[in-house]
Amino acid sequence: MDPDLSPPHSPRSPLSMAGLDLSDRPLENETFGVEEFAWDDALDDPGQRQEFRVPPMVQSTVSVPLQQWIRTESAAGLLSVERNRRSMLRKTTVAYAMAELLRHCTRVHRGAWSLEDAALAAGDAPGGLSSLCHLDNFAVRVANGPDATVEGVDMLSPAISLRLSTPFFASDAFFDGGDNTTRASSSNGPEEVGRFLEVEVHSMGFSSDGEGAVPLEETGTGEDDRRACHLLGILLYELYLETSPFAVPDTLAVAEMNESEHSISAFEPSSKKKSLHSDKDELTNEDFSSQSADVSCDVHVLGDGVALRDRLFKYVPLKDLGFPASVSLLVKSLLECGWEEFCPSDDDPFSLKAASDDLHLLIQDPCRFLFDKVMLPDSGGVSIKIKQNELYGRETERSLITDVFCRVSLAGESEALFVQGFSGSGKSRLVQSMIPYVDVAGGYAVQQKFDPISQEQPTAVIISAFNELCVLISMKRSPEELNCIVVSLMAVFGSHLSTLTRVLPGVALLSPELNAAVLDQGRTTGNEINLSRVYYILQLFLRVVSSREHPVVLFLDDIHWADSPSLDILYRILSDIKGASSLYFIGSYRSNEVTNGDPVFTFKHELEACGVQCSNVHLDGMNIEEVNAMISDALGIFPRISKPLSRIVLRISQGNPLFVLECLGSLAERGLLHYSMRERRWLWDANKIASDDIASNVCELLATKIVRLSEDSQLALKVASSFGNALNSSVVETLMSACPRYANLQRELDDTVEAGFLNKSRSDSVYTFVHDKVREAAYSLVRNKDQFHHEIGMTLYNAILAEEDREQKLDSMIFLIVDQVNHARPPPSGLRVTLTELNHKAASKAMQRSNFPAAYFYSKLAMQLLPDDHWGSHYRLSLNIYLIFGNAAYAEGHSEEAASALEKMLLCGTTVEEKLDAYYLKIRLLYAEGKGKLAYDTCVEVLGLLGESVPADAPQNFVATTAIVQAKLSKMTVEEWMGVKEMSTPRGYSLMKFYDIACFLSFFVNEGVLKWHARRQIELTLEHGVCKYSAKAIVNIAMVLGGKLFGRQDEEAYRLGKIAMKLLERFDASDVCGVYMVHYGYLAVNVEPFQACAAMLKRGSEIGHSMGDIQGAVLAGILCTQKQLFSGCNLNTLKKEIDYLVRLAEANSRPVIQFYVRAFQETVELLIGKDLQSTSSEPANDIRAISESQTYHQVVRNFWNGHYKRALFFAEKPSAITDDDVSHQKSTFITFYGGLSCCFATRNLKSNKKYFGMLSDAVELMKARSKQSKWNYLNKMHLLEAQLQSAMGKRDEARASFNAAVSATRESKLIHEEGLACEFAALHCLRYDDTAQARTLFEEAKGCYAKWGSQIRVALIERQLQKLAI
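The rules behind each value
- Residues numbered from 1 in each chain as written.
- Predicted model: local features only at pLDDT ≥ 70, side-chain atom pairs only at ≥ 80, totals over all residues.
- Heavy atoms only, no water.
- Helix = DSSP H or I, 4+ residues; strand = E, 2+ residues; numbered from the N terminus.
- Buried < 20%, exposed > 50% of the residue type's maximum accessible area, 1.4 Å probe, protein only.
- Contact = heavy atoms within 4.5 Å.
- Areas by Shrake-Rupley, 256 points an atom, 1.4 Å probe, with all protein chains shown as cover.
- Pairing = 2+ DSSP bridges.
- Expected span 1.5 Å × (residues − 1).
- pLDDT = per-residue confidence, 0-100.
- Disulfide = S-S within 2.5 Å.
- Axes fitted to C-alpha atoms, helices over the stretch in contact; angles between N-to-C directions.
- Parallel < 35°, antiparallel > 145°, perpendicular 65-115°, else oblique.
- Nonpolar A, V, L, I, M, F, W, Y, C, P; charged D, E, K, R; others polar.
- Patch = residues over 30% accessible without salt bridge, like charges linked within 9 Å, V, L, I, M, F, W, Y side chains within 5 Å.
- Salt bridge = Lys/Arg side-chain N within 4 Å of Asp/Glu carboxyl O.

### A few points about the overall build of the protein chain
Piece 1. Counting secondary structure elements, the protein chain contains 62 helices and 21 strands.
Piece 2. In the protein chain, buried positions account for 56% of the 1366 residues.
Piece 3. When contacts within the protein chain are restricted to residue pairs at least 6 apart in sequence, those whose partners lie at least 24 apart make up 73%.
Piece 4. Of the roughly 56,400 Å² that the protein chain leaves accessible, carbon and sulfur atoms contribute 50%.

### Notes on the pairing of strand β15 (residues 583-590)
Piece 1. Most of β15 sits out of view: 8 of its 8 residues are buried.
Piece 2. Here β15 shows no split at all, with L583, F585, G587 and Y589 on one side and Y584, I586, S588 and R590 on the other all buried.
Piece 3. The pairing of strand β12 (residues 415-421) with β15 spans 7 bridges and is classified as parallel. Each residue of the ladder has a partner; that of A416, found in β15, is F585.
Piece 4. Across 5 bridges, strand β14 (residues 552-557) lies against β15 in parallel orientation. Directly across from F555, in β15, lies its bridge partner I586.

### A few points about helix α50 (residues 1090-1106)
Because each turn of an α-helix spans 3.6 residues, side chains separated by three or four positions end up pointing in the same direction.
Piece 1. The terminal C-alpha atoms of α50, which comprises 17 residues, lie 24 Å apart, in line with the 24 Å expected from a rise of 1.5 Å per residue.
Piece 2. Listed as buried for α50 are F1090, C1093, A1094, L1097, G1100, S1101, E1102, I1103, G1104, H1105 and S1106.

### Details of the environment of K332
Piece 1. Note on placement: K332 falls in helix α12 (residues 325-336).
Piece 2. A relative accessible area of 18% means that K332 is categorised as buried.
Piece 3. Sequence separation of K332 and P245 is 87 residues, and the distance between their C-alpha atoms is 9.8 Å.

### A look at the confidence of the model for the protein chain
Piece 1. Taken residue by residue, the protein chain gives an average pLDDT of 79. The fraction at 70 or more is 78%.
Piece 2. Contacts for the low-pLDDT stretch residues 517-527, under 50 throughout, to residues beyond four places or in other chains number 26 contacts.

### Description of the state of the cysteines
By definition, a disulfide links the sulfur atoms of two cysteine residues through a covalent bond.
Piece 1. Applying the stated criterion across every chain yields a total of 0 disulfides.
Piece 2. Here C229 is not disulfide-linked; the sulfur of C337 is the nearest cysteine sulfur, at 4.4 Å.
Piece 3. Residue C229 is classed as buried on the basis of its relative accessible area, which comes to 0%.

### Describing the packing of helix α30 (residues 711-722) against helix α32 (residues 745-754)
Piece 1. Running from N to C, α30 and α32 cross one another at 90°; their axes reach a closest spacing of 8 Å. As judged from the angle between their axes, α30 and α32 are roughly perpendicular. Contacts between α30 and α32 involve D712, S713, A716, L717, V719 and A720 on the former and, on the latter, L745, E748, L749 and T752.
Piece 2. Classifying every residue of the contact of α30 with α32 by side-chain character gives 6 nonpolar, 2 polar and 2 charged.

### A short note on the sheet that holds strand β16 (residues 613-619)
Piece 1. In spatial order, the strands read β13-β14-β15-β12-β16; together these 5 strands make up an open sheet with parallel pairing. Where the open sheet ends on each side, the last strands, each with one partner, are β13 (444-449) and β16. Each strand axis lies, on average, 15° off the axis of its neighbour in the sheet, ignoring direction.
Piece 2. Helix α15 (residues 395-411) contacts β12, β14, β15 and β16 of the sheet and is inclined by roughly 165° relative to β16.
Piece 3. The strands touched by helix α18 (residues 460-476) are β13 and β14; relative to β13, the strand with the most contacts, the crossing angle is about 150°.

### Topic: a nonpolar patch on the surface
Piece 1. On the surface, a cluster of nonpolar side chains totalling about 290 Å² of accessible area is made up of V471, M475 and L509.
Piece 2. Within the element layout of this structure, M475 appears in helix α18.
Piece 3. Note on M475: relative accessible area 61%, which makes it exposed.

Take a look at the structure:
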């Protein structure tokens, strides 16, 4: 080495001479400053920068000769440990660039170098590959600035420039707009800046297609590759140490050389040469400096015989001189490529590419791979460092889940993705890797986990996720955006906003004003929130807060432990066709713990059936490369070194990521894998590991690890595992106060947190296991599990009984206690009644929360625990348990079990009052099964037991007696109704309750007696006061007064209906939806426009949803659909509404309601133009109204399909035109369509008295209707008159009536009937050969039908136009 290039400092010494090593240890009072060396000062001659012409792409950098750069870096490294580390990182960056330059040269000119090196070996030519592998042939380009970042390295001859850059995807700017570096942190030392680098090579000295050039790819691993690696090793040694690796002569080797007459061949090693692995010889500072001059002299004498030179000098490993062991190992591997006995075999080659990969790894994560680890005091040794957020071998799966998110955010449509795999396969980590992208896109990502043990409220996990969503929204949105969200929520929920805050308390975080608004509208706080209400509340909330700009990602882990109600909520939200929800649902489950019949698969199939796009990801075990990457990262060693260990671990773990990590931990704990302080890296004995008896699954490994803990710590983990995935601190405190055995429970739990078994929430209120397998391992150590659970439960229960606030605390922990004590099988005889009462309490609370599965489970168990003589010894408890079970079984669809429990109650109950709830549930059960007549008869029976005499039909004096009631009602104003006293007698309240359901049932079964029930309710209200059923009673009597029997007093009926709507404000009425349904479905529709009534019925349906009244919501939705059909609503929009109702009806298993809504669905689909494969069949029941509805739909379908004679056939049926007060709207439209059809039933309508009479009657009916509501009926009157006049030959009068009909439809915005008027007017013109006018009218009709969305009607008009064109 040229003495002139020695560093400016003296004397010469290894980097460790000043007590500064490169170990990864914490620094105290260290100043992280900017380098004090400026490159302008460091250059001996600033003009040297111009010796190499830098390409334009790198002209913003400073070029420094490599020798000069090394001296300055070495001087800077001696100033402090931190600067030493940074200097080492920069040198390694230069080493990487030099390796890439050599790769480029060998790829492009491999043939040329081989020829030159061969000539060199023969002594025929100077130069060759060796000629470019010296420090003087390189220059370093550094960035202008104080940090002097290495931006590239240049080779002077041949002229090649290599540029280093960090790609955008690997930079902080990809996420937060920061700089282009990423930090690799270390728990044992300061942060070092790691860089993921890409190289760009710019060749100026030659062309890559010259003579002897080969394609740009790696070729072979022969002698040339080994020689290039050996030369690179020499370069790197000089780069780090500033001297040759063979600076110290080996006296034995020199003597042997002199005796052998210099006959050693270039690559023939001496038998007495010392191995490069020898690291026992020591080198003093004096030896180091004094022998430097001799080295260059000896080398000069020997010429360029590299092998001979290497043999004559002793090699000192870099790690012995204070350099990192990883650098020393890499350099040694490169140098060994020059010796045949050490060079790698062809089966396991070491190449420039392998060296480049190693160097890039050192740069990318220096704390893990470059710098040595040290054993800190009291640390217990060097630990295995796991990359917590790294995914191995999941690139395809990660791309898939990201692509789905992009679709959701772009299209604004909800999708679902299911991730399956064995426990420990990385399902959660895979999903969590997407969260940064969600944040960048402006979305919200929330995560929750289902618990396999607790029976508590099934919706709690989902509710918690939505509350977490509220927190995210409050944190990520601006005050202006939050205000818009709050305004939208108040507009959507209206007077039921308090219901939202009860389900999602987190919404109060969105705005301070929201809490005050809720208090002002808190009238519904007394209502029980059932599961149906939860469905709709979450649906509405998500419609408001989610959008394409702000999609929501909901990740629920372990959904195979979710119950049916929880999955049903998710189904309702994801299948919400009415909202604009942008929800990306991700559910993970263990593929080895589910079967084809599992609810998870049913859930997936239902989503796919309703059009929700579902994707699937299956996580298999990792392959050898992926396992090796994980182990390499964990141990901080090169992948090529860790591969033998990885093969063994793969065989043991089958590639399960969790198992791999636990296997490494187990090997380290038993000393089979250890960190060598001498070698400064992890070492292992492959033979011992292969022969060792290692656990066959991860649970065994974890259990073995837990057993090594103290007995108290083991007990703490066992207790935590018995409560599922989470343990609340309040439970811990209760156990600690109850039993000396648990006195140190909290301290031991905290110790297990430190040991890595548990996590503790930031609020210190909840302990959770770091992984399910840890909980399973801890739980597997519990010997007598049932007894263990029972003892914990009874300990909690007894502790709570001793406290003053026992009732409140027992209520808060009832599910936890009951889940524990129920493990006793069989229950202790002395505790049988206690366990019964506890299960009854749990069932009651579950029922209040609409947790029907839990209520069913607890109440059924309570029934089994009751003593044999329980109806005598525990009568009241028995009644309550049986009633809860009946309700829960009914809600869960177990009709037979519910009926059996109710019959037992009715048989064993002693008084009518005690059996009323059972009767009421029985009536609902019978109606749900389609037994409407039996349900009504049972209702009449109960009213008889309460002292009422119910007639089979309205009595003869009904009109007279009702007139008296009517006179009283007509005098009462809204203010007077609001001042009527509240009903206080239990009997009166019970009567109103059963008369209310009697009115509903008689609507379907015996409409004649409905009038009597309605009047009786009003009499009870006037006698005993108002209650929550009074509003419904008022609209019922209003419907009666608006009927034919009382001369259709539509105005008075409408007035009473408005009073009923006002009375709803006074009470938290249970049947708000029913009041909306009657008023806007049957009363207001005779006065107000169809469109306005449809809007209010839609509102009533939404209220039904929010109140949990799904049956009422669907019925109101059906009436809304009817009014929308009357008003000419776009058929495609209407079909979406109906499809939604169909799914609701099917989900709630109501055969009668399913029939009604499917009938409308089929009608609308036919009008759109869809061929009906089959029509809805009548359900097996005894409800008369169904046949009337079927007739109505047949008339409508056939009329609009152009089958006028068939429509007329159905319109003439006895059930078509009735005098029923309820059915008169359907009758009105049947009369309308029937009258229009008469014109096509005969060629001479005037001579057909029957059809002429039907048309005339229709005209008169529409005249009467139009007097009450011109908006709805005036156009129909004009159209019927026009048809009648046209049939009678009154051309001009008919044309005037047609024009009036068209004008009236346009004013009323009835687009479908405007088309009908234009079409029939065109037909009238054709009768008088006015073809031009007919064509114009047909075109107008076609445009109207197209806007309506009726392709079938458009086709009819097109056929008419084709006829005119012939």
